[in-house]
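Structural description and commentary
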Amino acid sequence: MTFDAVVVGARVAGSPTAMLLARRGHRVLVLDRATFPSDTLSTNLIHVPGMALLERWGLRAAVESAGAPPHRRFTMDFGPFVIAGPPPAVDGAEHPYCVRRTVLDAILVGAARDAGAEVREGVTVEGLLRDGDGRVTGVHGAGFEARARIVIGADGLRSVVAREAGAEKYDDGPSLTACYYAYYRGLEGLGAEIYQRGDRAVVLFPTNDGLTCVFVACPAAQLPEFRADVEGNYLEAIGRIPSVAARIGAAERAERIRATADVPNFFRRCAGPGWALVGDAGYHKDPCLAAGITDAFASAQLLADAVHSGLAGERDLDDAVAAYAAARDERFAPALALTRQLASMEPPDEQTAALFAAIAASPEQTSRFFGMMQGSSPIPEFFAPDNIARIMSATG
Ligand SMILES: Cc1cc2nc3c(=O)[nH]c(=O)nc-3n(C[C@H](O)[C@H](O)[C@H](O)COP(=O)(O)OP(=O)(O)OC[C@H]3O[C@@H](n4cnc5c(N)ncnc54)[C@H](O)[C@@H]3O)c2cc1C
């Protein structure tokens, strides 16, 4: 059987793409070497625009009732000033949530199946099939082949589809941070708490089952010394915020510390004849903005719209996915630049510190700032000189 689309990878990029195509009547096969439910190396924040897409897809209630509390408040604490308040609502979605990937990804896989996609778990794709002109026509692995009009790589950072398609990287840069996180029981909190103390970031994300994810990042250059005593350095970073250290001291660690320093920042060319990439496979970045899941949802919607128009004969399929690639870059290039800036973990210069202090003093600007950080308002607009001047003059 030839499918309309084969999607490799069934997590936050792959399953929504498959679901959206299957709902439009296309024959979709999803392959993942993992079986679900299963965890992956990631903390769990879904920003409000991500919740809005779940609402559009009819999945918000399922995600919101999966046992994680709403984050009614965001706190970004730089020491001398604190930006705190609720992030702005988007299309009826009000709060961010941190849902464990064991739970979130299983909901998405189920939604793809419910939509009519065939999902095969525990299946590893090893390479691509091509026709005589070099056009991608399917995938293969141990003992199987599957043919499709388009192959979609939603297979993450080390995408086999990207490698086999020859998708080159651009705007490519190395990992800037090393990340460590663990889950604690018994930490009360109203929402996401993000602290920057010197060359450490400490983040608290309440999630399912009464657990809170406690994340610590240090500059990648310090990886060897951090790694030499992970436990000591993790607790030292937390100890830089005495109020948080006291709460964590009274809580119980429920899971081991997990770590990665493999968080490079790049785009990959994400479309070619018979193939496309979505999610981390095509756009990877440091997790400092906690945007990978929300961005994967947005890209899934963009790609599914494009592929549908091609499969339905409304336009040439290759032209449609090329337009998706251009739209993706235009949308996410400012976020990639901001990510690099934040992940450098440089302390804010005098001008930025004054701007942050002005934002912190105004509930309206705080809401606009969180709107920009969560991706619901354009980054370039927020940092435009006339807007900065307006913020500074409003607070005198
Ligand atoms: C430490 C850390 C913290 C993070 N915290 C956040 C956060 O709080 N919020 C947020 O939004 N983002 C966060 N992210 C980013 C987020 O995890 C990713 O952006 C997101 O998981 C990307 O989803 P994806 O579906 O594109 O890829 P993945 O989640 O990587 O899924 C890829 C899937 O493809 C499958 N696969 C791979 N190769 C093959 C193959 N050859 N054959 C078959 N299947 C294959 C894998 O089994 C996997 O299931 C974090 C990342 C890190 C590293």
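Everything numeric in this text was worked out from a predicted model, so none of it was measured.

Here the focus is the sheet that holds strand 21 (residues 283-284). Here we have three strands laid out as an open sheet, ordered 11-18-21, and antiparallel in their pairing. Among the strands making up the open sheet, the edge pair consists of strand 11 (169-173) and strand 21. Relative to strand 21, strand 18 (residues 265-268) is paired through two bridges, and the arrangement is antiparallel. Within the sheet, the bridge partner assigned to phenylalanine 266 lies in strand 21 and is histidine 284. The strands touched by helix 10 (residues 317-343) are strand 11, strand 18 and strand 21; relative to strand 18, the strand with the most contacts, the crossing angle is about 165°.

As a further point, take the packing of helix 1 (residues 14-23) against helix 4 (residues 101-114). Interaxial distance between helix 1 and helix 4 falls to 8 Å at its minimum, and their mutual angle equals 20°. Taken together, the axes of helix 1 and helix 4 lie roughly parallel to each other. Handedness of the crossing formed by helix 1 with helix 4: left-handed. Every residue of helix 4 that contacts helix 1 at Ser15, Pro16, Ala18 and Met19 is listed here: Leu108, Val109, Ala111 and Ala112. By residue class, the composition of the contact of helix 1 with helix 4 is seven nonpolar, one polar and no charged.

Let us now look at the packing of helix 2 (residues 48-56) against helix 9 (residues 292-311). At a minimum axis separation of 8 Å, helix 2 and helix 9 run at an interaxial angle of 45°. Classified by the interaxial angle, the pair formed by helix 2 and helix 9 is oblique. Along this stretch, helix 2 crosses helix 9, giving a crossing that reads as left-handed. Touching Pro49, Gly50, Leu53, Leu54 and Arg56 of helix 2 are Thr294, Phe297, Ala298, Gln301 and Asp305, all from helix 9. Classifying every residue of the contact of helix 2 with helix 9 by side-chain character gives five nonpolar, three polar and two charged.

We now examine the packing of aromatic side chains. For the structure on display, the rule yields 14 aromatic pairs. Looking at lysine 169, its charged tip hangs above the ring of phenylalanine 266, at a distance of 4.5 Å from the centre.

Another aspect to go through is the pairing of strand 12 (residues 177-185). Taking burial as the measure, the nine residues of strand 12 include eight buried ones, the bulk of the element. Here strand 12 runs beside strand 15 (residues 211-219); their pairing, made up of nine bridges, is antiparallel. Bridge pairing links tyrosine 184 to threonine 212 in strand 15. Direction of pairing for strand 12 relative to strand 16 (residues 252-253): antiparallel, over a ladder of two bridges. Looking at the pairing, tyrosine 184 lines up with arginine 253 of strand 16.

Here the focus is the site of the ligand. Within the structure, the ligand sits among 33 residues, and Asp32, Ser42, Thr43, Asp280 and Ile293 are positioned closest to it. Alanine 13 is positioned such that a nitrogen or oxygen atom in its backbone is 3.0 Å from an oxygen atom of the ligand. Contacts to the ligand include aspartate 280, whose side-chain N or O atom sits 2.7 Å from an oxygen atom. Considered on its own, the ligand offers 1,000 Å² of accessible surface; in the complex 92% of this is hidden by protein.

Definitions and cut-offs
- Residues numbered from 1 in each chain as written.
- Predicted model: local features only at pLDDT ≥ 70, side-chain atom pairs only at ≥ 80, totals over all residues.
- Heavy atoms only, no water.
- Pairing = 2+ DSSP bridges.
- Helix = DSSP H or I, 4+ residues; strand = E, 2+ residues; numbered from the N terminus.
- Contact = heavy atoms within 4.5 Å.
- Axes fitted to C-alpha atoms, helices over the stretch in contact; angles between N-to-C directions.
- Parallel < 35°, antiparallel > 145°, perpendicular 65-115°, else oblique.
- Left-handed = near helix turned anticlockwise from the far one by under 90°.
- Nonpolar A, V, L, I, M, F, W, Y, C, P; charged D, E, K, R; others polar.
- Phe/Tyr/Trp six-rings, centres within 6.5 Å; stacked < 30°, edge-to-face > 60°.
- Lys NZ or Arg CZ within 6 Å of the ring centre and 35° of its normal.
- Buried < 20%, exposed > 50% of the residue type's maximum accessible area, 1.4 Å probe, protein only.
- Near = heavy atom within 4 Å.
- Polar contact = N/O pair within 3.5 Å; in protein donor to acceptor, adjacent residues only side chain to side chain.
- Areas by Shrake-Rupley, 256 points an atom, 1.4 Å probe, with all protein chains shown as cover.

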